[in-house]
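# Observations on the three-dimensional arrangement
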Amino acid sequence: MSETADVVIVGGGVVGASVAYHLAERGCANVVIVESAREQGTGSTGRATGGVRAQFSTAVNIAMSLYSLEFIRNFRDATGRDAGYLPVGYLFVATDGAQLEALKIARERQRAAGLTDVELLDAAEVARRAPRLRAETVAGGTFRQADGFVAPLELMRGFTERALARGARLLTDAEVTGIDVEGGRVCGVRTSRGRVATRAVVNAAGAWAARVARLAGVEIPVVPLRRQIVCVRPREPLAEGSPMVIDLSDGFHFRAVVRDRTWQPEVLLAWPGPPEPPGFNTELDPAFVTKILTRAEASVPSFAGAGVVPELSRAGLYEMTPDHHPIVCESERARGLFLACGFSGHGVMHSPAAGRAVADLILDGRTEAFDISPLDAGRFARGELIEETALL
């Protein structure tokens, strides 16, 4: 195969699919999405928990969330697919006074960034919204109703199908083996299925983004980090409409499984757990399963004795940057190489905003949707890292 495209997108997950959609909607349909797997969505997108929220502490994360959540709310109109959006809320739970004070400070930052509907809750109100929590461990919390869940693969499919209908092409089982650069500008992408000549390449390769950037002679600080999710079936299922619940003491969080908008008896448990070295391991660690079951019971007594559901338990990869914020910009070293990577666990929820921003950068050289200047790759060399306190 040898062909020409206006834009080549490396990575067919939800972020790459969103870029293709936004380009096609603006009339740039000569786009090729290159996906290394045989089936689109088998990487990080298909392993995500599907949470979406605006309760962050930095202005850029909040702006991307507000844009993305509004887009997701109207996803069927935009793409013809149901994204499975359920605004059941995110409940951040403080277990002591210091954590509660940190939530209050974050809430003020959120209000300053235009996020005005975050509720500050006392312990009694937290217990009302999450009655299964061990009440004596709760000091208070924050809650936003419009946060909630989506179906990650449906987001990806909606973006992809609309882009393909406009004329984009999807190459699966196609490994990128090189990015050609002449005179400081990209001019083509070499794959295991042939070469595509192009003047614009989008690196949306997720946990593999540093490898892809290196093919163009560009170094970016994106590393893969395993995150594990254990699905259990407790004695008593969570009530329909239960929010995502996050314990601020250590990041442990849980949510009900929802399938086709129907509440299931299973619950997803997630926990950052002890630090582990970066790597591409996506095997679920049996020792982690044991640890998270013990941890879950400490917060929710009714989780004691819950049976593990192996087919819904999994491990996936976060694409981490040093400040847990993405890189969204055009490379200065290789012009025409656009970076949309390093989302640090927020790729699904921020995919609409990322797609809009990158499409604007390619077509206009800038975006007016929101300020992405803090997300340029040069911030790491300048020491201008962004501090986000609301991390999971």
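Above this text is the structure in question.
Figured I'd write up the structure that's included with this text.

Rules of the game
Residues numbered from 1 in each chain as written. Predicted model: local features only at pLDDT ≥ 70, side-chain atom pairs only at ≥ 80, totals over all residues. Heavy atoms only, no water. 1 Å grid on protein atoms, 1.4 Å probe; cavity = no way out; pocket = protein on both sides within 12 Å on 5 of 7 lines; lining within 4 Å. Points joined across faces, edges and corners; volume = space filled by probe spheres on them. Helix = DSSP H or I, 4+ residues; strand = E, 2+ residues; numbered from the N terminus. Nonpolar A, V, L, I, M, F, W, Y, C, P; charged D, E, K, R; others polar. Phe/Tyr/Trp six-rings, centres within 6.5 Å; stacked < 30°, edge-to-face > 60°. Buried < 20%, exposed > 50% of the residue type's maximum accessible area, 1.4 Å probe, protein only. Pairing = 2+ DSSP bridges. Axes fitted to C-alpha atoms, helices over the stretch in contact; angles between N-to-C directions. Left-handed = near helix turned anticlockwise from the far one by under 90°. Contact = heavy atoms within 4.5 Å.

## Observations regarding the layout of surface pockets
- Approximately 750 Å³ is the volume attributed to the second largest pocket.
- As for the second largest pocket, its lining consists of 28 residues, of which V150, A151, P152, V258 and R259 are closest to the centre.
- Secondary structure elements with two or more residues in the lining of the second largest pocket: helix 6 (152-166) and strand 16 (253-259).
- In terms of residue class, the lining of the second largest pocket is built from 12 nonpolar, 6 polar and 10 charged.

## Digging into the packing of aromatic side chains
- Taken as a whole and assessed by the stated rule, the structure comprises 11 aromatic pairs.
- Here the aromatic rings of Y21 and F71 are separated by 5.8 Å at their centres, their planes lie at 85°, and the arrangement is edge-to-face. Pair noted here: Y21 is in helix 1 (residues 14-25) and F71 is in helix 2 (residues 59-73), with a separation of 50 residues, a long-range link.
- On the basis of relative accessible area, F71 is assigned to the buried category, the value being 15%.
- Between F149 and W263, the aromatic rings sit 6.5 Å apart at their centres with planes inclined by 40°, giving tilted as the arrangement. Here F149 is found in strand 8 (residues 148-149), whereas its partner W263 is found in strand 17 (residues 262-270), with 114 residues between them in sequence.
- The class for F149 is buried, based on a relative accessible area of 1%.

## What to know about the sheet that holds strand 2 (residues 7-10)
- Strand order in the open sheet formed by 6 strands is 9-3-2-13-21-20, and the pairing between neighbours is mixed. Looking at which strands have only one partner, the edges of the open sheet turn out to be strand 9 (169-171) and strand 20 (327-330). When the angles between neighbouring strand axes are averaged without regard to direction, this sheet yields 20°.
- Two elements, strand 3 (residues 31-34) and strand 9, share 3 bridges in a ladder whose sense is parallel. Bridge pairing links V32 to R169 in strand 9.

## A closer look at empty space enclosed by the protein
- In this structure the tally under the stated criterion is 1 cavity of 30 Å³ or more.
- The element contributing the most residues to the lining of the largest cavity is strand 15 (residues 244-247), with 3 residues.
- The residue makeup of the lining of the largest cavity, split by class, is 7 nonpolar, 3 polar and 1 charged.

## Comments concerning the packing of helix 1 against helix 6
- Look at helix 1 against helix 6: their axes get within 8 Å of each other, and the N-to-C directions meet at 35°. The crossing of helix 1 and helix 6 is left-handed. Here helix 1 contributes V14, A17, S18, A20, Y21, H22, A24 and E25 to the contact with helix 6, which in turn contributes P152, L155, M156, F159, T160, R162, A163 and R166.
- Across the contact of helix 1 with helix 6, the residue classes break down as 10 nonpolar, 3 polar and 3 charged.

So, to be careful, I would describe these as geometric facts and stop short of saying anything about function.
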